[in-house]
Each structure stands twice: as structure tokens, then as C-alpha cells.
Amino acid sequence: MSQMSFGDAEYRGKRKQTRREKFLAEMDQVVPWDSLLALIEPFYPVAGRGRHPYPIATMLRVHLMQNWFSLSDPAMEEALYEIASMRQFARLTLTKPIPDETTILNFRRLLEDNELAPEILARVNRYLSRKGLLLKQGSIVDATIIAAPSSTKNADGERDPEMHQTKKGNQWHFGMKAHIGVDADSGLVHTVATTPANEADVAVVDELLHGKEEIVYADAGYTGADKRVVRKNLRWEIAAKRGKVQAMKDGRAKRTVEKAEKRKASIRAKVEHPFRVIKRQFGLMKVRFRGLAKNTAHIVTLFALSNLWMARRKLLAMTGSLCL
């Protein structure tokens, strides 16, 4: 066991548990560490004659904290020096070397270059399925715009060519779209796709279905989706356009339609929860990188982590670790 620094020893003696400590303690118990480490291990450098790499478990923990707290590589390095709870979560101590920003960057690039983010999501979902939390009998599809910097004050003197602008309502947005397929029962994300912001939601609907659902819920932006999907044994519950409902004459027929639309909307509301988690809980207000590939890896990882965050109470209750 490594020697504890005076700072870490003093931290262990304190009594109040902060929100960050509680969050890290919960996530430490719900992340399927063994499965994720087994995924990364074949691609991770082995010790040679040079400087030995940090343990995979340490770098994975650092990478997840970087996503949870929306930290850049330099900010993550500084946080490991300054915040004892994050240092302990990563199994680090001030008496031993702390990963620098280049090491943190290289680990993230290792995951990107080997396209491991989709498999991270898949392994998390298999873990949740084994726990009975991902049923996959129905799906909800939706998309959200994630803004990108529109400034041209960079080396190329231009905006990111892989991002585009689109008009939503009366406002123009520049960036990309994250399209997701969500389990209609649990609200957990099972599929993710990304496109420039000007891509129509319905254009990628086929990519958002896992193939086992019997019913699909979507808003009015997915009108005509059934014609774009190869499978024909699906029941589609697509919202009617608001103007069409408002144009109906008052009476029993209109009230019936309004009641049906309200029921659909109550189910579709679950698709907004993962968007809220990655944007508000994990701080993804703008894309962090240039180009779709890097941002896609980041977003897919965030949705995998959002599933664990949303399911954490049920997972902890299964182990008897939930503290109210």
C-alpha cells in the first residue's frame, strides 16, 4: 500500500461528505469496471524499459471524471492536485506521480483512435440489461442540437467545416445534432448517432432502432419515418403537427385527438431526461472538439455515463448500498 500524504491523511479525518464525494462514491459502485477495463486492456501500452504507464484503472477513472465534471486536460490535471476526493477516486496520492495533461490527452485519444466509445455504451447497456433495467420493448427517438463555436478567430480562419447551421423556430443554431434511441420503459439510451445540425431528424431514424422494439414514439419531426425504415412490423406513435390539431373543429373528435396526443407526449417526455443529464448534469453546453469524430466519441461516452447516473438508485438498491 502506498504511503499517504499529510494532505490526504487530513482529508480522511474530516466528517462532512460533500456532494462531489457522494456522487463519486455512488458512481464507484455502479460502473461495470471489470467489463470496461477488459475492453481497453488490449489497446493499452504495456510496461517496457521506459517510463511505466499508469494503471489502466487509474486512467479510466480519470477519464470518467473528466467527462462527469466537464474538465479540459489541463483542468483535470490541476483537479487531481487540488481536490482530494477526485484523487482518491482515481487511486492516486500526492506521494506518487500524478498524470499530467499529456497523459490524460493520450488516454482519451487511445479510446478515440480505437473507436471504443460505442462499445463502452454497449457494455454498459448489457450490464443494465442483465440487471433487468433495459427492456427494449419500445423505443423513443429524438434529437438535440449541440452548439459549436461560430468564431473564425483560429489558425484556419474559418468555422468547423463539419458543423453546420440550422433554423429552429426563429433562431439560427450552428453546431451538430445528437440523435438518440431511448428505451420507452426506463428512459435509458440504447443507440446514438450524430450529424451536422442541418440534417433532418427523420433522416437517421433507421440508425436509432435496435431491431427488437415493437413500438416507436417520436415527435412531429419524424413524420414519414415508417417509409424510411426497412422493418414493417413496427407500430409508430408519431405526434400530430400542432397546427393540424388546432385547425380541427371543437367537439368530441378534437378532444379525442388531444387526449391521444397528450398520452403520446407523456411517454415521449422520457427522451428529454438523457439530454438534461449530459447538458446540465455533465455540462455539455457546447462541443469540446473540432470535427464530428472526436465529438461523437465524447457524446457517446456521456450517454453511457448518463445511463448509469439515471439508473444508479435502482442499481444501489439491488446491492443494499442506497442511502436516503
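Everything here concerns the structure above.
Definitions and cut-offs
- Residues numbered from 1 in each chain as written.
- Predicted model: local features only at pLDDT ≥ 70, side-chain atom pairs only at ≥ 80, totals over all residues.
- Heavy atoms only, no water.
- Helix = DSSP H or I, 4+ residues; strand = E, 2+ residues; numbered from the N terminus.
- Expected span 1.5 Å × (residues − 1).
- Contact = heavy atoms within 4.5 Å.
- Salt bridge = Lys/Arg side-chain N within 4 Å of Asp/Glu carboxyl O.
- Buried < 20%, exposed > 50% of the residue type's maximum accessible area, 1.4 Å probe, protein only.

Undergrad: If you had to explain helix α8 (residues 117-130) to someone new, which residues and values would you point to?
TA: Between its terminal C-alpha atoms α8 stretches 20 Å, which fits the 20 Å expected from 14 residues at 1.5 Å a residue. Where α8 is buried, its residues meet α2 (19-30), α3 (33-40), α7 (101-113), β4 (189-196) and α12 (292-319). Gly-132 occupies a position one or two residues after α8 and carries a positive phi of about 80°.

Undergrad: Help me get a handle on the pattern of salt bridges, residues and values and all.
TA: Evaluation of the coordinates by the stated rule reveals 14 salt bridges. A salt bridge links Glu-213 to Arg-231; the shortest N-O distance between them is 2.8 Å. Of the two residues, Glu-213 is situated in the loop between β4 and β5 (215-218) and Arg-231 in the loop between β5 and β6 (235-238); the sequence distance between them amounts to 18 residues. We classify Glu-213 as buried; its relative accessible area is 1%. For Arg-231, a relative accessible area of 22% translates into the label partly exposed. A cluster of three or more residues bridged by salt bridges with shared partners is formed by Asp-73, Arg-108, Glu-112 and Lys-294.

Undergrad: Before we move on, can you summarise helix α4 (residues 56-68) with the specific residues and values?
TA: If you check α4, its first and last C-alpha atoms are 18 Å apart, about what 13 residues at 1.5 Å a residue would give, namely 18 Å. Looking only at α4, the buried set comprises Ile-56, Thr-58, Met-59, Leu-60, Arg-61, Val-62, His-63, Leu-64, Met-65, Gln-66, Asn-67 and Trp-68. Among the residues trailing α4, Ser-70 stands out with phi positive, at a value near 55°.

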